[in-house]
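Tertiary structure, described
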Amino acid sequence: MKQINILYVSPTDNANSFGAEQRLFDILQHLDKTRFKPIVLLPQKGVFHQKIEEIGVKAAVYDFRLRITKDNPIKFIKLTRHLWSLLKDEKIDLIHFNMHYYLANFWLPISFSRIPVIIHYRSCNWIDIAEKFLMARCHRIICISHAVKQAFLQKKRSNVFIRPKKENMEIIHDGVDTQRFTGKNSNKLRSEFSIGKEEKIIALIGAFDSIKGQDIAVEAFRLLLKLRSDVRLLIIGDVYFVKPSKLDYVNRVKRLIEQYCLQDKVILTGYRDDVPDIIQDIDILIQPSSTEGLCTSIIEAMAAGKPVIGTDIGGIPEVMGGNEEVGILLNERSPEELARAINDLLDHPDEMRKKGRAGRERARKCFDIHANIKHIEDVYGEVLRIQKKR
């Protein structure tokens, strides 16, 4: 059987591998290599490039992150030529964008080559008309949650011209390798940060960004410490895109910690590549986000048997099952509500264990990586069959 050559396009190669990159890495790791041959296009070399090559997947590097303007036609022509050569030389059968960014830069060579395109849509955020227009003309849009699909289909005046086709949209929840999260407590965090055995570890895991609510977590912890002292807050993660606004937010959170004299209670760990190990050591995961396409951190915590607290927004209630069997859904994104929810859980350890067990079962049943990859492979096959008939 001839292998199907798939070009995966990842618009970032950060110094660290964040959620979207990790999800692509999972696909590359678990893809049926007897049927599919993956090739990854990255804008630059870095940690993610190295990780990909370590698992035997070819990575091509060319910086395609340019905005088309009247001042850079030569750069755009060079980019188009390079992409056309790549598609031709590697005999690409299918293109899979890991995120929707820079799709326009590929549209000319894609149109001439008539290669089918699949795009992974991972956000509930606003996308501009041009991006939405091109996405609606892809052969398939994979949405990571019902919330993401609803956000894309939300009626706007631009839809009159775009006309997104619902039948070309597929909901496939991101999956995790649940077996990686079933170990015992390593006490790694307690040892590394000198956390006492009696202290409860509350963790927020995710990119350091205002939408994740690190500032709300610090404010909530100030209130929580008025009720109890046996707690530590770990903020795990780093800035995704290094921009002045992002760094300003990090500094704002640091100033809050100093202002409230929480240096001994709140720990900024930075980026960690050992989440499957250290998540075993936490007691509660909190996710006070303002928007989430899905929230893999909650899935990972559930897989580890930890109770979770998340905002009732975007894909979070979808992950948690829309009820409070696995944790607590916050109706209001506020420090007061978050502090109250944390304290309520810590006051009822039996309920915490019950929610942890329910979360682990839900993660295994609904978010298993193997089922996730099988679903994606089925989409590849279906899109290629339809394209062959045209």
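In case you missed it, the structure is sitting above this.
Quick look at the structure, then. Predicted, not measured: the structure shown is a model, and the values here were computed from it.

1. Section: the pairing of strand β8 (residues 200-205)
In terms of burial, β8 is largely enclosed, as five of its six residues are buried. In this sheet, strand β9 (residues 231-236) lies alongside β8 in parallel orientation, the contact comprising six bridges. The residue of β9 that forms the bridge with A203 is L234. Here β8 pairs with strand β11 (residues 284-287) via two bridges, running parallel. What sits directly across from I202, in β11, is I284.

2. Examining the nonpolar core
With 65 residues, the main nonpolar core has L7, I95, F97 and I298 as its most contacted residues. Contacts of F97, omitting those with residues within four sequence positions, involve V9, L103, F106, I110, V117, I118, I119 and H120. I202, F221, V231 and L233 belong to the second-largest nonpolar core, a separate cluster that totals 33 residues.

3. Quick notes on the pattern of salt bridges
Within the structure shown, the criterion is met by 24 salt bridges. Between E90 and K58 there is a salt bridge; the shortest N-O distance is 2.5 Å. Pair noted here: E90 is in the loop between α3 (73-89) and β4 (94-97) and K58 is in strand β3 (residues 58-61), with a separation of 32 residues, a long-range link. You can call E90 buried: its relative accessible area is 17%. Using a relative accessible area of 44% as the deciding quantity, one classes K58 as partly exposed. A salt bridge links E170 to R140; its shortest N-O distance comes to 3.3 Å. Here R140 lies in strand β6 (residues 140-143) and E170 lies in strand β7 (residues 169-171), a separation of 30 residues in the sequence. Shared partners join several salt bridges into a network, and the residues in it are K188, E192, R272 and D274.

4. Observations regarding the sheet that holds strand β10 (residues 266-270)
An order of β10-β9-β8-β11-β12-β13 is seen for the six strands of this open sheet, with the pairing classed as parallel. What marks the edges here is a single partner per strand, and that holds for β10 and β13 (327-330). Geometrically, the sheet is characterised by an average inter-axis angle of 20° between neighbouring strands, direction not taken into account.

5. Here we look at the sheet that holds strand β5 (residues 117-121)
Reading across from one edge, β3-β2-β1-β4-β5-β6-β7 is the order of the seven strands in this open sheet, with parallel pairing throughout. This sheet does not close on itself; its edge strands, each paired only once, are β3 and β7. This sheet shows a mean twist of 25° between the axes of neighbouring strands, independent of strand direction. Sheet topology note: the strand β1 (residues 4-9)/β4 ladder contains four bridges and is parallel.

6. Regarding helix α12 (residues 296-303)
Residues separated by three or four positions in an α-helix point in the same direction, a consequence of the helix having 3.6 residues per turn. Judged by how many residues are buried, α12 sits mostly within the fold: eight of eight residues are covered. If you check which residues of α12 are buried, you get T296, S297, I298, I299, E300, A301, M302 and A303.

7. Describing the pairing of β5
Among the five residues of β5, five are classified as buried, and the element is accordingly described as predominantly covered. Residues V117, I119 and Y121 of β5 are buried on one face, and the alternating residues I118 and H120, pointing to the opposite face, are buried as well. Taken together, β4, helix α4 (residues 107-113) and β5 form a β-α-β motif whose crossover is right-handed. The pairing of β5 with β6 spans four bridges and is classified as parallel. Residue pairing in the sheet places I118 in a bridge with R140 of β6. Following the backbone out of β5, through helix α5 (residues 129-135) and into the adjacent parallel β6, one traces a crossover that is right-handed.

8. Structural notes on the packing of aromatic side chains
Each aromatic ring pair is characterised by the separation of its centres together with the angle its planes make. Per the stated rule, a full pass over the model turns up six aromatic pairs. On the numbers, 5.6 Å between centres and 75° between planes, the contact of Y121 with F152 is edge-to-face. Placement of the pair is Y121 in strand β5 and F152 in helix α6 (residues 146-153), with a sequence separation of 31 residues. Pair check on accessibility: Y121 and F152 agree, each one buried. Three or more aromatic residues joined by ring pairs make a cluster, and in this case those are F64, F97, Y102 and F106. Positioned over the ring face of F25 is K51, at 4.5 Å from the centre of the ring. A cation over a ring is seen here: K132 above F152, with NZ or CZ 5.2 Å from the ring centre.

So, how was this worked out
- Residues numbered from 1 in each chain as written.
- Predicted model: local features only at pLDDT ≥ 70, side-chain atom pairs only at ≥ 80, totals over all residues.
- Heavy atoms only, no water.
- Buried < 20%, exposed > 50% of the residue type's maximum accessible area, 1.4 Å probe, protein only.
- Helix = DSSP H or I, 4+ residues; strand = E, 2+ residues; numbered from the N terminus.
- Pairing = 2+ DSSP bridges.
- Core = buried A, V, L, I, M, F, W, Y, C linked by side-chain atoms within 4.5 Å.
- Contact = heavy atoms within 4.5 Å.
- Salt bridge = Lys/Arg side-chain N within 4 Å of Asp/Glu carboxyl O.
- Axes fitted to C-alpha atoms, helices over the stretch in contact; angles between N-to-C directions.
- Right-handed = clockwise from strand over helix to strand, strands pointing away.
- Phe/Tyr/Trp six-rings, centres within 6.5 Å; stacked < 30°, edge-to-face > 60°.
- Lys NZ or Arg CZ within 6 Å of the ring centre and 35° of its normal.

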